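The residues making up each chain are set out below.
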Amino acid sequence: MPPCRAEPPAMLHYQHQLGFERRSPSSEFQEDAKSPTKTTIRQVMSPGISPRGTFARFSSSTPPADARTPNSQEHFSFSPTSPMAKSPEHIPPHTPTCDYTQPEEEWYHEGLLDPIWEQQQKKTFTAWCNSHLRKADTSIEVIEEDFRDGLKLILLLEVISGESMGAPERGRMIIHKVSNINKALSFIESKDVKLVCIGAKEIADGNPKITLGLIWTIILRFAIQDISVGELSAKDGLLLWCQRKTSSYHNVDIQNFHGSWRDGLAFCALIHRHRPDLLDYNALSAGDPLHNLNLAFDIAEKHLDIPRMLDPELIVHTPDEKAIMTYVSSYYHYFLGQHKAETAANRICRVLNVNRENEQLMEDYDGMASELVAWIRHWRPWLENRPADDTLASVRSKLNQFRRYRRDEKPPRIAEKGNLETLFNTLQTKLRLSNRPAFLPKEGHLIKDINGAWEDLEHAEAGFEEWVLAEIKRLETLEHLAEKFRRKCATHEEWARGKVEMLQAEDWRVARVDGIKCPLVITNFLCNRNRKKVGKPGLRFPSPQKASRSLRE
């Protein structure tokens, strides 16, 4: 039996988190003496709740759910009042809060590290670190050895945070290693993480328990803490995300991050929910967990670029909560990244569609404007052409053509002009909402240019209408006067023809004296009428023949 002594601070911390009651060694032995069976040291250190008067053996994994307090955070706790994003260069070296100066005994060190859970966490955490370190063209093999100098630890933090921590120490002495590790720990504390019982010296010495605790702290801070689903975040948010994604799948009931994942259906459901083309979920059976787990892990590694972090055999028998949370968080971030990529692609497609629509509107505007301007240029010269020597028939033909222009040609162009203005305003609004420069049509196709040409057309149209109506009235008046003149001329010609025929008659040769008197009277009448018309004195004709000849002349 090892000598009784005070527990190290790290053990006291975990006892406090797990809510165990502190008992004295004497009371423990007294109670053991009363119990029918005796408990060995190895039985005391076994996982789970120990017999009365002892505390459970604590591994680097998460304690059982019934032994944890609601707010326990194991190796770390978040401080809401700590400053955000401090620069590592201005943060003092990290000082561990635990005193490791007391020597550890072999039974105590063995009790903190469970071989099975340590194996799972080493494989999972190593794969998780390599999934990020490969972006810097490097990797690790033994997690507690490869982080001893602090170089890859700093590189890991720079990769996952996207921030630079400055040049590390390149020396091989322990002081250089501790300096690099302190720099990494200070950077982690600057991200609102309170490190408990994690010191640079232990990591530099290759302590696997402390190293795994540090990596788990990094995973929680950079991979799990920022998960937010609904009103929940971190672990609860990740659990809610899994429940929502798998709620419609039979034989899947995710309540935690250990037992709910034994049969592998939960992993397959998450994959099928986002990529149904990769597997046939209905063909899976809960009675073959190894097949389900291997199928999910192979598909995730091949198609989702998620490394194989878990061993199916260990998941079936002893699932580790930290390992499963780390692996499932990789699913979350991958599918979230895919969703963001799809969202970005959809946004780009929408932008391209808007640009394509805007370009189409620009082409439509140019085509409509060109057609409208050409129509205006065609009709305006015709309306301004107003000759003064046209005949009445020609002017009447122009009037009929003008009426067809008013009835058939102009109304569609009025609607087209209104649509053109609406199209221009719509296009400018879309460009303004898209933060694009305003559309500038070519010369002569601006709205103000088209409006000016339209006003000139209407002015020419009003002038043409006024001219054609006045011209028709004038020509019709002239036509009426000419017709009246022609009728009068015809009447006078008929009257004169009758008189000439009467004067040329020679019936006077056989007529008596009283019969000749009538022609003389007519001759004198014509002479007097001629005098009145021309203003000359009347002529005296000596004989009827001379009078008749004068009348003919």
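Rules used in this analysis
- Residues numbered from 1 in each chain as written.
- Predicted model: local features only at pLDDT ≥ 70, side-chain atom pairs only at ≥ 80, totals over all residues.
- Heavy atoms only, no water.
- Salt bridge = Lys/Arg side-chain N within 4 Å of Asp/Glu carboxyl O.
- Helix = DSSP H or I, 4+ residues; strand = E, 2+ residues; numbered from the N terminus.
- Buried < 20%, exposed > 50% of the residue type's maximum accessible area, 1.4 Å probe, protein only.
- Contact = heavy atoms within 4.5 Å.
- Axes fitted to C-alpha atoms, helices over the stretch in contact; angles between N-to-C directions.
- Parallel < 35°, antiparallel > 145°, perpendicular 65-115°, else oblique.
- Left-handed = near helix turned anticlockwise from the far one by under 90°.
- Nonpolar A, V, L, I, M, F, W, Y, C, P; charged D, E, K, R; others polar.
- Phe/Tyr/Trp six-rings, centres within 6.5 Å; stacked < 30°, edge-to-face > 60°.

Draft legend 1. Fine view of the pattern of salt bridges. Applying the stated rule across the entire model yields 29 salt bridges. R134 is the salt-bridge partner of D305, the closest N and O atoms lying 3.0 Å from each other. Of this pair, D305 sits in the loop between α13 (289-303) and α14 (312-317) while R134 sits in the loop between α5 (115-133) and α6 (143-146); the two residues are 171 residues apart in sequence, bridging distant segments of the chain. Note on D305: relative accessible area 49%, which makes it partly exposed. Residue class for R134 comes out partly exposed when judged on its relative accessible area of 40%. In this structure, D456 and R380 form a salt bridge, with 3.5 Å as the shortest nitrogen-oxygen distance. Taken as a pair, D456 in helix α17 (residues 447-503) and R380 in helix α15 (residues 321-384) lie far apart in primary sequence, 76 residues in all. In this structure D456 comes out as partly exposed when scored by relative accessible area, which is 34%. Overall, the relative accessible area of 30% leaves R380 in the partly exposed class. Connected through shared salt-bridge partners, R406, K410, E458, E461 and E465 make up one network.

Draft legend 2. Region of the structure containing the environment of F297. Checked against the element boundaries, F297 lands in helix α13. Taking the C-alpha atoms as reference, F297 lies 9.4 Å from G264; in sequence the two are 33 residues apart. Among residues more than four places away in sequence, those in contact with F297 are F267, R308, L310, P312 and Y327.

Draft legend 3. Spotlight on the packing of helix α11 (residues 234-246) against helix α12 (residues 265-274). In the contact formed by α11 and α12, the axes pass within 9 Å of each other and the chain directions differ by 70 degrees. In terms of orientation, α11 lies roughly perpendicular with respect to α12. Read as a crossing pair, α11 and α12 show a hand that is left-handed. Side by side, α11 and α12 meet where W241, C242, K245 and T246 of the first sit next to A266, A269, L270, R273 and H274 of the second. Tallied by class, the residues present in the contact of α11 with α12 amount to five nonpolar, two polar and two charged.

Draft legend 4. Representation of the packing of aromatic side chains within the structure. Under the counting rule described, the total for this entry stands at 23 aromatic pairs. Ring geometry for F424 and F439: centres 6.5 Å apart, planes at 55 degrees, overall tilted. Separated by 15 residues along the polypeptide, F424 in helix α16 (residues 392-433) and F439 in the loop between α16 and α17 bring together distant segments of the chain. Take F439: its relative accessible area is 10%, and that puts it in the buried class. Among the aromatic residues, those joined into a cluster by ring pairs are F257, W261, F267, F297, Y327, Y331, Y334 and F335.

Draft legend 5. Geometry of unusual backbone geometry. The backbone phi angle of A234 is positive, close to 55 degrees, even though this residue is not glycine. Among the structural elements, A234 can be located in helix α11. The class of A234 is partly exposed, set by a relative accessible area of 24%. The backbone of N251 shows a phi angle near 65 degrees, a positive value even though the residue is not glycine. With respect to the element layout, N251 can be found in the loop between α11 and α12. Under the relative-accessibility criterion, N251 is labelled exposed at 53%.

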